[in-house]
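Survey of secondary and tertiary structure
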2 protein chains.
Amino acid sequence: MKEVVIGIDIGGTNTVYGIVDKQGNCLIDGNIATTDYHKVGAFIDALHQHIETSLQQLPGIVLRGIGVGAPNGNYYNGTIEHPPNLPWKGVINLIKLFKEHFDVPCYVTNDANAAAMGEMIYGAAKDMKDFVVVTLGTGVGSGFVANGELIYGHDGFGGELGHTIVQQNGRECNCGRKGCLETYASVSGIVRTTHIMLAESSKPSVLRDIPAKEITGKLVTDAARNGDPLALEIFDYTAQWLGFSLANTIAITSPEAIILFGGLAQAGDLLIQPVKQHLQNNLLNIFEGKTKVIPSGLNNNNAAILGASALAWQELKKVHNDKIKLN
Amino acid sequence: MKEVVIGIDIGGTNTVYGIVDKQGNCLIDGNIATTDYHKVGAFIDALHQHIETSLQQLPGIVLRGIGVGAPNGNYYNGTIEHPPNLPWKGVINLIKLFKEHFDVPCYVTNDANAAAMGEMIYGAAKDMKDFVVVTLGTGVGSGFVANGELIYGHDGFGGELGHTIVQQNGRECNCGRKGCLETYASVSGIVRTTHIMLAESSKPSVLRDIPAKEITGKLVTDAARNGDPLALEIFDYTAQWLGFSLANTIAITSPEAIILFGGLAQAGDLLIQPVKQHLQNNLLNIFEGKTKVIPSGLNNNNAAILGASALAWQELKKVHNDKIKLN
């Protein structure tokens with residue numbers, strides 16, 4: 001009998017799930033469109049049906065638990081609380097809903113904390129006890145691990161690096177404030193930077209041939225990869241803010257590594273090299289040369305599933321007094 | 001037989017020590033002038049002699065351990081590393097030096113981390129698992145506790161909130177960079193602010209009667225306490241930076257409380273009330289109204305001794321598998 005957990009990542013557009021063993025093999029995966037379900041009950045029903053169908057295709061497995069990563073997921077409460085980008089409002093008691101369908105323990109956290117668990121169990125942070133995962137997607141999220149444990153804080157909402165203010169009276173943020181890191185260092189931030197730089201700079205750029213509304217992070221990345229001078233400047237500007245913020249982050253938790261994860265991180269060295277440079281420019285001397293800045297060690301295709309399933313394995317390990325050996 | 005530890009706080013000017021029981025009673029204390037000893041060996045010899053004399057005055061005690069708080073103290077290495085304000089340079093292996101004189105376990109950390117331990121065991125953070133202590137002295141230090149454990153980071157140097165940059169290209173800091181929180185929110189920061197505001201403002205102030213070189217944090221505090229309008233504005237400006245930085249801090253570790261400790265914190269509500277206001281102005285909505293900002297719960301006279309001894313008790317508790325009951 002092979003022990004498995006279900007890893008689920010609830011996203012604004014799609015929800016993906018996978019059946020994952022202790023070694024991080026995703027035996028089967030699937031997805032449903034989050035936006036198809038105006039009521040969360042119908043969403044969970046549909047998700048349950050899909051998962052059951054997948055489970056039936058895997059004879060000889062025993063289901064141990066469920067891990068869920070979701071925007072505004074709260075570990076302590078097992079809830080999603082006021083998610084800005086999901087179809088459902090208010091506080092959703094996810095664990096209660098899952099318990100109506102599954103007879104195994106269920107654990108919830110936000111997507112960035114799940115990513116951190118994924119890196120610790122299966123990815124770039126194996127054997128690390130102090131590290132940070134920064135997710136660079138539409139927004140900026142983060143999962144902080146210190147002494148081998150996620151920093152959830154007293155209310156379960158720790159790790160909102162994307163909403164630390166890096167520039168007072170800076171760019172307007174969806175959170176209602178100004179100058180959050182996320183307004184500069186996310187995929188949407190780099191698109192905003194592109195619009196500004198196209199206006200302010202006279203450098204030639206292939207990006208000038210693209211209608212403003214069609215500019216995407218991927219197009220800017222492709223241009224930079226081809227040596228487009230303005231696109232490279234845009235990456236350098238983005239890295240300035242990220243490097244500055246990460247230098248401050250190191251002063252607080254002094255992590256062994258900072259792992260960059262998600263859409264914008266897929267630019268690889270185009271982003272990581274200037275981030276390292278700007279981080280170095282802002283770093284307190286006692287931390288010099290100590291913290292690695294590295295890309296995610298998870299397979300991009302199912303990184304979110306692995307993160308959510310790692311949460312489940314990690315929690316099961318705690319419950320069973322470390323008797324479960326991971327990896 | 002009463003079990004005790006020795007708590008030692010090594011400061012730039014004075015070193016204080018005390019013999020402390022599990023309940024946080026300081027049975028006897030003493031001090032020596034740090035600056036009298038150009039060699040660290042002679043300093044430890046003298047400190048040992050003083051402590052031995054104190055121990056002999058307490059019949060019926062059994063010494064269990066030693067806790068030391070020191071600037072740039074490193075928990076992992078048991079060292080003081082390149083302290084800018086002590087008479088000794090380089091890396092000082094404190095634990096090795098203490099072992100030559102005492103036959104009990106010795107633990108070292110920096111003064112702010114020791115303060116955090118003091119608050120957790122004896123002070124304002126009893127029963128808290130997630131909190132931050134910010135020490136507002138000549139500089140700004142901090143001790144972060146998450147999941148009931150100090151965040152030392154991978155190298156033992158975590159918790160340098162005072163050296164997070166709050167203003168790019170801001171005031172010059174002793175660390176060689178610019179705009180660190182410590183250049184605004186420390187005792188020396190408030191003195192710098194006073195000089196600037198005396199020049200820039202035309203508000204009347206008793207501080208105008210004092211020669212520039214004689215301005216101290218205490219004089220500014222006294223003036224503010226008496227309603228001096230410029231001094232109140234100086235406190236508000238200081239609180240702006242501190243509130244801004246603490247709002248960012250909350251976004252990362254989401255602590256139950258932020259405890260203000262040290263010289264400037266003794267201004268009490270003069271500082272805490274505007275800090276709360278500016279923190280609120282910068283806080284992400286999900287954290288609103290959740291984190292307390294409170295003064296230290298330790299007796300000011302021996303807070304540093306209690307912090308260092310709390311470190312020793314906490315470490316002994318770990319070694320003995322929680323068999324020591326504190327409080």
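Scroll up a little and you will see the structure.
The model shown is predicted, which means the values in this text are computed figures rather than measured ones.

**Focus on the overall build of chain A**
A tally of helices and strands in chain A yields nine helices and 13 strands. Taken against the 2.2 N^0.38 rule, which gives 20 Å for 327 residues, the C-alpha radius of gyration of chain A at 20 Å falls within 12% of a compact globule. Overall size of chain A, expressed as C-alpha extent along the three principal axes, is 60 × 45 × 35 Å. Scored against the burial criterion, the 327 residues of chain A give a buried share of 60%. Taking the contacts inside chain A whose residues are at least 6 apart along the sequence as the reference set, 63% of them involve residues at least 24 apart. Total accessible area on chain A is roughly 13,200 Å²; 48% of this is exposed by carbon and sulfur atoms.

**Section: the relation of the copies chain A and chain B**
When chain A is fitted onto chain B, the two copies agree to an RMSD of 0.0 Å after a turn of 180° and an axial shift of 0.0 Å. Both copies are brought into coincidence by an operation consistent with a two-fold rotation axis. Interface overlap between copies: 100% of the residues of chain A at the interface are likewise at the interface in chain B, consistent with a symmetric, same-surface contact.

**Remarks on the sheet that holds strand β4 (residues 61-69) of chain A**
All names here are of chain A. Taken together, five strands build an open sheet; the order of strands is β3-β2-β1-β4-β8 and the sheet is mixed. One side of each edge strand has no neighbouring strand; the edge strands of this open sheet are β3 (26-33) and β8 (106-109). Pairs of neighbouring strands in the sheet enclose a mean axial angle of 20°, with direction left out of account. In the sheet, strand β2 (residues 14-21) pairs with β3 via seven bridges, with the strands oriented antiparallel. Its bridge partner lying in β3, Thr 15 is registered against Ile 32. Taken strand by strand, helix α1 (residues 40-56) contacts β1 (2-10), β2, β3 and β4, and its axis lies near 35° from that of β2. Contacting β1, β4 and β8, helix α3 (residues 111-121) runs over the sheet at an angle of about 115° to β8.

**Overview of the pairing of strand β13 (residues 292-295) of chain A**
Residues and elements named next belong to chain A. Note that strand β12 (residues 257-261) and β13 share four bridges and pair parallel. Residue pairing in the sheet places Ile 258 in a bridge with Val 293 of β13. For the crossover that starts at β12, traverses helix α8 (residues 269-282) and ends in the parallel β13, the hand is right-handed.

**Concerning the interface of chain A and chain B**
On the chain B side, the residues contacting the 40 residues of chain A number 40 residues. Buried surface at the junction of chain A and chain B, summed over both partners, amounts to about 3,400 Å²; 59% is from carbon and sulfur atoms. The largest share of the area that chain A buries against chain B comes from His 154, Ile 252 and Leu 284 of chain A, three residues that together contribute 19% of it. The tally of links between chain A and chain B comes to two salt bridges. Among the ionic pairs, Lys 290 of chain B bridges to Asp 155 of chain A, the shortest N-O distance being 2.8 Å. Taken together, the links from chain A to chain B amount to 18 residue pairs in polar contact (both at pLDDT 80 or more). For the side of chain A that touches chain B, the secondary-structure elements that each account for two or more residues are β10 (140-146), β11 (149-150) and α7 (229-253) of chain A. Class assignment of the residues belonging to the side of chain A that touches chain B gives a composition of 20 nonpolar, 13 polar and seven charged.

**Remarks on α8 of chain A**
Residue and element names in this part refer to chain A. Taking 1.5 Å as the rise per residue, α8 with 14 residues should run 20 Å; its terminal C-alpha atoms sit 19 Å apart, in good agreement. Taken residue by residue, α8 has Leu 270, Leu 271, Ile 272, Pro 274, Val 275, His 278, Leu 279 and Asn 282 as its buried positions. In the core, the buried residues of α8 are packed alongside β9 (131-136), α6 (217-225), α7, β12 and β13.

**Examining the sheet that holds strand β10 (residues 140-146) of chain B**
Residue and element names in this part refer to chain B. Pairing within the open sheet is mixed, and its five strands lie in the order β11-β10-β9-β12-β13. For this open sheet the edge positions go to β11 (149-150) and β13 (292-295), each flanked by a neighbour on one side alone. Relative to β10, strand β9 (residues 131-136) is paired through six bridges, and the arrangement is antiparallel. When the sheet's bridge partners are listed, Phe 131 is paired in β10 with Val 145.

**Thoughts on α6 of chain A**
All names here are of chain A. Three or more residues of α6 are buried, namely Gly 217, Val 220, Thr 221, Ala 223 and Ala 224. Considered in projection along α6, the buried side chains sweep an arc of 160° and stay on one side of the axis. Those residues of α6 that are buried are in contact with α5 (187-200), α7 and α8. Once α6 finishes, Gly 227 follows within two positions and takes phi at roughly 85°, a positive value.

**Things to note about unusual backbone geometry**
Phi at Asn 169 of chain A takes a positive value of approximately 60°, unusual for a residue other than glycine. Considering the arrangement of structural elements, one finds Asn 169 of chain A in the loop between β11 and α4 (182-185). A residue is classified by how much of its surface remains accessible, and Asn 169 of chain A, at 70% relative accessible area, is exposed. At Asp 127 of chain B, a position not held by glycine, the phi torsion is positive, near 70°. Relative to the helices and strands, Asp 127 of chain B resides in the loop between α3 (111-121) and β9.

**Description of the pairing of strand β8 (residues 106-109) of chain B**
All names here are of chain B. Of the two faces of β8, the one lined by Cys 106 and Val 108 and the one lined by Tyr 107 and Thr 109 are each fully buried. One ladder, built from four bridges, connects strand β4 (residues 61-69) with β8; its direction is parallel. When the sheet's bridge partners are listed, Ile 66 is paired in β8 with Cys 106.

**With respect to the environment of Pro 274 of chain B**
Within the element layout of this structure, Pro 274 of chain B appears in helix α8 (residues 269-282). Setting aside anything within four residues of it in sequence, one finds Pro 274 of chain B in contact with Asp 236, Ala 239 and Asp 269 of chain B.

**A closer look at the side chain of Asp 9 of chain A**
All names here are of chain A. Within the secondary structure, Asp 9 sits in strand β1. Although Asp 9 is buried, it forms no salt bridge, and the closest oppositely charged side chain is Lys 89 at an N-O distance of 17 Å. With residues near it in sequence (within four places) discarded, Asp 9 still touches Asn 14, Thr 15, Val 16, Gly 69, Asp 111 and Ala 304.

**Comments concerning the pattern of salt bridges**
Under the counting rule described, the total for this entry stands at 18 salt bridges over all chains. One salt bridge in this structure joins Glu 315 of chain A and Lys 318 of chain A, with 3.2 Å as the shortest N-O distance. Separated by three residues within a single helix, Glu 315 of chain A and Lys 318 of chain A lie in helix α9 (residues 303-319), roughly one turn from each other. Between Lys 318 of chain B and Glu 149 of chain B there is a salt bridge; the shortest N-O distance is 3.9 Å. Here Glu 149 of chain B lies in strand β11 and Lys 318 of chain B lies in helix α9 (residues 303-319), a separation of 169 residues in the sequence. Taking relative accessible area as the criterion, Lys 318 of chain B reaches 39% and is therefore assigned partly exposed. When its relative accessible area of 34% is taken as the criterion, Glu 149 of chain B is described as partly exposed.

Criteria and thresholds
- Residues numbered from 1 in each chain as written.
- Chains lettered and ligands numbered in written order.
- Predicted model: local features only at pLDDT ≥ 70, side-chain atom pairs only at ≥ 80, totals over all residues.
- Heavy atoms only, no water.
- Helix = DSSP H or I, 4+ residues; strand = E, 2+ residues; numbered from the N terminus.
- Rg over C-alpha atoms; globule rule 2.2 N^0.38 Å.
- Buried < 20%, exposed > 50% of the residue type's maximum accessible area, 1.4 Å probe, protein only.
- Contact = heavy atoms within 4.5 Å.
- Areas by Shrake-Rupley, 256 points an atom, 1.4 Å probe, with all protein chains shown as cover.
- Least-squares fit on C-alpha atoms with pLDDT ≥ 70 in both.
- Pairing = 2+ DSSP bridges.
- Axes fitted to C-alpha atoms, helices over the stretch in contact; angles between N-to-C directions.
- Right-handed = clockwise from strand over helix to strand, strands pointing away.
- Buried area = accessible area lost by both parts, 1.4 Å probe.
- Salt bridge = Lys/Arg side-chain N within 4 Å of Asp/Glu carboxyl O.
- Polar contact = N/O pair within 3.5 Å; in protein donor to acceptor, adjacent residues only side chain to side chain.
- Nonpolar A, V, L, I, M, F, W, Y, C, P; charged D, E, K, R; others polar.
- Expected span 1.5 Å × (residues − 1).
- Arc of directions from axis to C-beta.
- Lys, Arg positive; Asp, Glu negative; His and termini not counted.

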